[in-house]
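# A structural walkthrough
Read off the chains here:
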Amino acid sequence: MQPYDDALEGLRALGERYRLVALSNGEQWYLEELLGNNVPIAFDAIISVDQVGAFKPSPGIYRKAIQRLGCEPGEIMMVAAHSFDILGAQACGFRAAYVNRYRLPTEVSKYQPDIIVNDFVELADRLLE
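Here goes a summary of the coordinates provided. Note that the structure is a prediction, hence the values are computed from the model and not measured. (Residues numbered from 1 in each chain as written. Predicted model: local features only at pLDDT ≥ 70, side-chain atom pairs only at ≥ 80, totals over all residues. Heavy atoms only, no water.)

Here the focus is the packing of aromatic side chains. The geometry of an aromatic ring pair is captured by two quantities: the separation of the ring centres and the angle between the planes. Throughout the structure, instances matching the rule amount to two aromatic pairs. Summarising the aromatic geometry, the rings of W29 and Y30 are spaced 5.9 Å apart at their centres and angled 80° between planes, so their arrangement reads as edge-to-face. With a centroid separation of 5.6 Å and an interplanar angle of 85°, the aromatic rings of Y62 and F94 are classed as edge-to-face. Linking Y62 in helix α3 (residues 59-69) with F94 in the loop between α4 (85-91) and β4 (95-99), this pair joins segments that are 32 residues apart in sequence. With respect to burial, Y62 and F94 carry one shared label: buried. R101 extends its terminal NZ or CZ atom over the ring of Y4, reaching a point 3.7 Å from the ring centre. (Phe/Tyr/Trp six-rings, centres within 6.5 Å; stacked < 30°, edge-to-face > 60°. Helix = DSSP H or I, 4+ residues; strand = E, 2+ residues; numbered from the N terminus. Buried < 20%, exposed > 50% of the residue type's maximum accessible area, 1.4 Å probe, protein only. Lys NZ or Arg CZ within 6 Å of the ring centre and 35° of its normal.)

The following block contains the structure:
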């Protein structure tokens, strides 16, 4: 799997000001291999559901991120390319950005993204203004 070009460009820009963390339902070893071999970006942390034994949107994975990062929930923004990925994060107090490449609707929920963008370059532009 190769990242979109805009993802690399946007992540590089965001990494200049923000901590970058991968938070995924994937297994830890797989995430480390995938990012290490395909994404030439320095992540501050890679957090897998392996560490809590429950898949997103279980609150445990978001609590693990809070613990690992030493942040308040509102200081963390979950960025996802699927709107359902951000529901659990928002329920735990995270902010959320939806990278909506395919112009799909958000989930029917009281939780809605704080930011909706078309790609990571647009996300970086918005967050670095």
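A few words now on the packing of helix α1 (residues 5-15) against helix α5 (residues 120-127). At their nearest, the axes of α1 and α5 sit 7 Å apart, and the two run at 20° to each other. Judged by the inter-axis angle, α1 sits roughly parallel to α5. The way α1 lies across α5 gives a crossing that is left-handed. Contacts from D6, A7, E9, G10, L11, A13 and L14 of α1 reach α5 at F120, V121, L123, A124 and L127. For the contact of α1 with α5, a count of residues per class yields nine nonpolar, one polar and two charged. (Axes fitted to C-alpha atoms, helices over the stretch in contact; angles between N-to-C directions. Parallel < 35°, antiparallel > 145°, perpendicular 65-115°, else oblique. Left-handed = near helix turned anticlockwise from the far one by under 90°. Contact = heavy atoms within 4.5 Å. Nonpolar A, V, L, I, M, F, W, Y, C, P; charged D, E, K, R; others polar.)

By themselves these figures say nothing about function.
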